[in-house]
Amino acid sequence: MFVVGGFSLGVYLPNLHNGLIAATFTAVGVFVLSRRPGNREGWLFIATGVAHAVMFFGRQYGLSATAAGGVDALPGAVWVMWVGVWPLALVLVLSGVTLMCFPDGRLPSPRWRVVVVTMVVAGALLALMSALWPVEYAENSLSLPHPLRVGGYDTAQRLWNVIGPSCYALFQAAWVTGVVVRMRRAQGDEARQLRWFAYAVAMGAVAMAVSVLVFGSPVLGVLVVPTVALAAGVAIAKYRLYDIDPVINKTLVLGTMAALVTAGYITVVVVVGRVVGLSATQHPVLSVVATAIVAVAFEPARRRVQAWADHLVYGRRPTPYEALARLSTQLSRGSQHADLFTGLATTVADGVGAAEVTLWVGPEDKLVAVASWPPPPEQGSPTTTAPRELSSLEDGGRTYVRPIVHQGSIRGAVTLTRAPGDALTASEDRLLHDLVAQAGLIIDNVGLGVELQQRLHQITVQAAELQAAAKRIVAAQYEARRRIEGDLHDGAQQRLVTLALSLQAVAERAASTGDDELAARVDEARHQLSRALAELRELARGIHPAILTQEGLDAALGFLAERSPIPVQVDVCLQQRLAQDVEATAYFVVSEALTNAAKHSRASRIVITGRFGDGRLSIEVTDNGRGGADSHWGHGLQGLVDRLATLNGRLTVHSPAGGGTRLQVDIPCG
Amino acid sequence: MRVILADDAVLFREGTARILMEAGFDVTGQARTAAELLDLVRRDPPQAAIIDIRMPPGHSAEGVEAAAEIRRTFPDVGLLLLSQHVETHYAMRLMTEFHGGVGYLLKDRVSDLATFASDVRRVANGDCVIDPELVARLVDKKRERDPLAALTERERRVLALMAQGRSNSALSAELCLSAKTVEAHVRSIFTKLNLAPDAGDHRRVLAVLAFLRS
């Protein structure tokens, strides 16, 4: 509104830039906010634009009043003009901060807050001076008087002459430094955003220089000002962000070549002509020679300039060898296949130089995009697009399609998009070819990896099922043993004891009738029975000791120790009952260890330690025998190892020859 | 002497009751479970209860729990626990928790009526009875540094009988030795094994068992 109003008052060159800045910054701010709501830089742009608009209008009003004949030509011209002048320092600060905060609306680092505060204080001071005294009127060739008549103008003007320009210069230096610092640090997208901006500023500077030097007027330069804002807006909105590099590249090459050709031509025609004493108009041969020299030197020079521009724009681009090496590193790292695909796309983009790279996987008629560069803005799978045919991937001259062929069949494709007019060079094409050749291998590997993972998953599931089954079987076995022991206890043992009672009755009858022979035979039968009962007791214990069921592992290990022919020291302190199969397995392992020690170790002492902690039962059986137990741990141990395995338990036997035997059992009890 | 029998095996119970009656005992009740046993004891406390350790419903150590309950309510009732197998673990528990008047025998022992009848009487009189098999197992056990090696053959025999819970008079009868000789042997054993002499029989058994087990 201010801008439109301002322009309606006429065009005044010294104020033109304010209007243009106001219009473009506001417009770009609005554009950015419409694309990216809440963007801080967008708001800064709008603020800058509005501030300039106010200044612009004030000055336009004052200038048009001056043009119309003086102070009284327009109502309140002095005051409106005043409003257009004194905020200048603050507006400059605002503009500086806006530029410093480009592109994300934040300062390069928190330390910059000090700089900003200093700038604001200085700006406020200057603005105050400017509001009180007409210190800025003189240099802006403003013919209207300052509305205030405050004393001490001379002092103020002298002071202003010292600090005013230097502060303004410092403001400029501050934002330029901010942008430079940011450019040096920036990477990826932010670097590209800044490049857009820097490019626009540089072009603006060139335009201004040309405008002043060639046309003797800054009009052209001023007109270029909006392009800076436009470029900034484009960068913030990340619209066609990735086109910037080739544009800068081309500009550099063209500009440098133009300068070189001109310089070459002038050198030949003017300098040589002067030396020889001829002018080009006098001697067309000189022009022909100059043209010929330039023509001959053009291509080698262009290549040099191109290389220099590449280096400047893309940094140190990886050599084909480096690109391939990077790829193979990624491959050998064996990362996730999604990472591999993204890595491949990135490597192609970095190596060959592209605005866009997409990796497609699948047979010729069903290609699916699995990775792309630049990475998609939203996190998540990029593979949501419908499958496409290879022939449909071509879209105009900018896109290069390279099918990925491996072992004779098409496994996928790489599409690469370059900026307009930026065709692939022969060496880039070769590198692309090499990378694509590797891609086939990657896709196959990833496919293989996926298949392997599926197999592995299957195997894991099967293993878990098998272990569960084995655990059930072992548990059932223990249960069966307990039942057999119970049956023996309630059945055979009970019957035999009752039989002993009957024999007792017979013996008494025999004694009372005085049948000594019968009494002797009954006595013999009782002895036999007693031995049978003792054997049956041992059998029952071997099958499943009742004390284990009734009293737990502590007591049962004591029971084992008591029966060991070798002295056993028991140091077991569990203080709780554990799962039945854990107790039973531990019991039988120790039992087997003691049996083996008795048979083979020639030990004179055995120590059993048992502890329960952190959800694990650990038992250790150590003897001081001759060691070398590995050879005679036979079938029984294998069975125990199998049972342990069903509980995820572990058994280790350490038995160096001559060094005793240490057996460790570790069972998780969850 | 009035006794109560508790065992879930009916044939064994009936057989035991018969031979006990033949030996002059008055079997005042027979129980199939620990609950029935407690009920019978409460109604008519006997002089001794003969209890199977493993009884329904859990078939683990119900007999021991029932014995403990009887000891709490009727401390004068002698308790003789029977089992298909004897373990040190239980023996120690019975000796420490019951303070005499308790016995622990293999079930087979009932078929030797004379010894069994005497064991029941000793328990009813407040003595301790430990199955000879258990004691033999402990006495026979090899030890790293065997302190039993210091004992004479006769002293070992005395020790084994002591561990079964026999009193000095019983020892002198069993070994056909004078009371003084037995006392001398016992003193010698206590000295050699570093055991503190004690008047109570069950304490003596306990000390001996603890030593043997170690």
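Bear in mind that the values here come from a model prediction, so they are computed numbers and not experimental data.

A. Region of the structure containing the overall build of chain A. Counting secondary structure elements, chain A contains 19 helices and 9 strands. When contacts within chain A are restricted to residue pairs at least 6 apart in sequence, those whose partners lie at least 24 apart make up 66%.

B. Fine view of the overall build of chain B. Within chain B one finds 10 helices and 6 strands. Burial statistics for chain B: of 214 residues in total, 45% are counted as buried. Pairs at least 24 residues apart make up 64% of the contacts formed inside chain B by residues separated by at least 6 positions.

C. Inspection of the interface of chain B and chain A at higher detail. On the side of chain A, 33 residues touch chain B, which itself brings 26 residues to the contact. Partitioning the side of chain B that touches chain A into residue classes produces 7 nonpolar, 9 polar and 10 charged.

D. Examining the packing of helix 7 (residues 153-164) of chain B against helix 9 (residues 179-193) of chain B more closely. Residues and elements named next belong to chain B. Where helix 7 meets helix 9, the axes come as close as 10 Å, and the angle between the chain directions of the two elements is 90 degrees. Between helix 7 and helix 9, the angle falls in the class roughly perpendicular. Residues Arg154, Glu155, Val158, Leu159 and Met162 of helix 7 lie in contact with helix 9, whose contacting residues are Val182, His185, Val186, Ser188 and Ile189.

E. Here's a closer look at the nonpolar core. In this structure, Ala49(B), Ile51(B), Leu79(B), Leu80(B) and Leu81(B) are the most contacted members of the largest nonpolar core, which totals 67 residues. For this core, the domains that each give at least three residues are domain 1 (2-130) and domain 2 (135-213) of chain B. Not counting the four nearest positions on each side in its chain, Leu79(B) is found in contact with Ala49(B), Ile51(B), Ala67(B), Ile70(B), Arg71(B), Phe98(B), Gly101(B), Val102(B) and Val123(B). Of all hydrophobic cores here, the second largest spans 52 residues; its members include Met100(A), Phe102(A), Phe171(A) and Trp196(A).

F. Region of interest: the confidence of the model for chain A. Averaged over all residues, the pLDDT of chain A equals 78, while 84% of them reach at least 70. Strand 7 (residues 616-623) of chain A holds the highest mean pLDDT among the elements of chain A, 93, whereas helix 1 (residues 2-8) of chain A holds the lowest, 61.

G. Focus on helix 4 (residues 88-98) of chain B. Residues and elements named next belong to chain B. Listing the buried residues of helix 4 in full gives Thr88, Tyr90, Ala91, Leu94, Met95 and Phe98. The buried residues of helix 4 occupy one face: seen down the axis, they fall within an arc of 165 degrees. When the buried face of helix 4 is taken as reference, the exposed residues oriented beyond 90 degrees from it are Thr96 and Glu97.

H. Broad picture of the sheet that holds strand 2 (residues 368-373) of chain A. Residues and elements named next belong to chain A. What the 4 strands build is an open sheet, ordered 2-1-4-3; its pairing is antiparallel. Both outer strands of the open sheet, strand 2 and strand 3 (399-406), are each paired with one neighbouring strand and no more. On average, each strand axis in the sheet is tilted by 20 degrees relative to the strand beside it, whichever way the strands run. Pairing between strand 1 (residues 356-361) and strand 2: 5 bridges, direction antiparallel. Across the sheet, Val357 pairs through a bridge with Trp373, a residue of strand 2.

I. Broad picture of the confidence of the model for chain B. Per-residue confidence for chain B gives a mean pLDDT of 85, with 93% of residues at or over 70. Overall fold confidence for the complex sits at a pTM of 0.50, while the interface term, ipTM, reaches 0.78.

J. Quick look at helix 5 (residues 88-100) of chain A. With 13 residues, helix 5 of chain A should reach 18 Å at 1.5 Å per residue; the first-to-last C-alpha distance of 18 Å fits that figure. Buried residues dominate helix 5 of chain A, accounting for 13 of its 13 residues.

K. Structural detail: unusual backbone geometry. Positive phi, close to 55 degrees, is recorded for Asp614(A), a residue that is not glycine. Relative to the helices and strands, Asp614(A) is located in the loop between strand 6 (606-613) and strand 7. One non-glycine residue with positive phi stands out, namely Cys176(B), at about 55 degrees. Secondary-structure assignment places Cys176(B) in the loop between helix 8 (168-175) and helix 9.

L. Seen up close, the sheet that holds strand 7 of chain A. All names here are of chain A. The 5 strands are arranged 5-6-7-9-8 in an open sheet whose pairing can be described as mixed. Edge strands, defined here as strands with exactly one partner in the open sheet, are strand 5 (568-573) and strand 8 (650-654). Ignoring which end each strand starts from, the neighbouring axes of this sheet average 10 degrees apart. Here strand 7 pairs with strand 9 (residues 661-668) via 8 bridges, running antiparallel. Within strand 9, the position partnered with Ser618 by the bridge is Asp666. In the packing of helix 17 (residues 553-563) onto the sheet, contacts are made with strand 5 and strand 6, and the angle to strand 5 comes to roughly 175 degrees.

M. Geometry of the pairing of strand 1 (residues 2-6) of chain B. Residues and elements named next belong to chain B. Counted residue by residue, strand 1 has 4 buried out of 5 residues, so it is predominantly covered. Of the strand pairs in this sheet, strand 1 and strand 2 (residues 26-31) are connected by 5 bridges, and their pairing is parallel. Bridging across to strand 2, Ala6 finds its partner in Ala31. In this region the chain leaves strand 1, passes through helix 1 (residues 10-22) and returns to the parallel neighbour strand 2; the handedness of that crossover is right-handed. Across 4 bridges, the pairing between strand 1 and strand 3 (residues 48-52) is parallel. Considered in strand 3, the bridge of Val3 is made with Ala48.

N. Broad picture of the environment of Ala540(A). Residue and element names in this part refer to chain A. Examined against the element boundaries, Ala540 turns out to sit in helix 15 (residues 516-543). In this structure, the C-alpha to C-alpha distance between Ala540 and Gly486, residues 54 residues apart in sequence, is 8.5 Å. If we ignore the near neighbours within four places in the chain, the residues touching Ala540 are Glu485, Leu488 and His489.

O. Inspection of the pairing of strand 4 (residues 409-417) of chain A at higher detail. Residue and element names in this part refer to chain A. Direction of pairing for strand 1 relative to strand 4: antiparallel, over a ladder of 6 bridges. Within strand 4, the residue paired with Trp360 across the bridge is Ala413. Sheet topology note: the strand 3/strand 4 ladder contains 8 bridges and is antiparallel. Within strand 4, the residue paired with Tyr400 across the bridge is Leu416. Hairpin connection from strand 3 to strand 4: 2 residues lie between these consecutive antiparallel strands, with Gln407 at a positive phi of about 50 degrees.

P. Structural detail: the environment of Val179(A). Residue and element names in this part refer to chain A. Here Val179 is to be found in helix 7 (residues 153-185). In the structure, Val179 is positioned 80 residues away from Leu99 in sequence and 7.2 Å away in space, judged by C-alpha atoms. Among all residues touching Val179, those that are not within four sequence positions of it are Leu99, Met100 and Phe102.

Q. Quick look at the packing of helix 2 (residues 34-43) of chain B against helix 3 (residues 62-73) of chain B. All names here are of chain B. At their nearest, the axes of helix 2 and helix 3 sit 9 Å apart, and the two run at 20 degrees to each other. The angle between helix 2 and helix 3 places the two elements in the roughly parallel class. Between helix 2 and helix 3 lies a crossing whose hand is right-handed. Judged by residue contacts, Ala34, Leu37, Leu38 and Val41 of helix 2 engage Glu62, Gly63, Glu65, Ala66, Glu69 and Ile70 from helix 3.

Reading the values: rules and limits
Residues numbered from 1 in each chain as written. Chains lettered and ligands numbered in written order. Predicted model: local features only at pLDDT ≥ 70, side-chain atom pairs only at ≥ 80, totals over all residues. Helix = DSSP H or I, 4+ residues; strand = E, 2+ residues; numbered from the N terminus. Contact = placed C-beta atoms within 7 Å. Buried ≥ 20, exposed ≤ 12 C-beta atoms within 10 Å, placed from the backbone. Nonpolar A, V, L, I, M, F, W, Y, C, P; charged D, E, K, R; others polar. Axes fitted to C-alpha atoms, helices over the stretch in contact; angles between N-to-C directions. Parallel < 35°, antiparallel > 145°, perpendicular 65-115°, else oblique. Core = buried A, V, L, I, M, F, W, Y, C linked by C-beta atoms within 7 Å. Domains from an automatic or database assignment. pLDDT = per-residue confidence, 0-100. Arc of directions from axis to C-beta. Pairing = 2+ DSSP bridges. Expected span 1.5 Å × (residues − 1). Right-handed = clockwise from strand over helix to strand, strands pointing away. Left-handed = near helix turned anticlockwise from the far one by under 90°.

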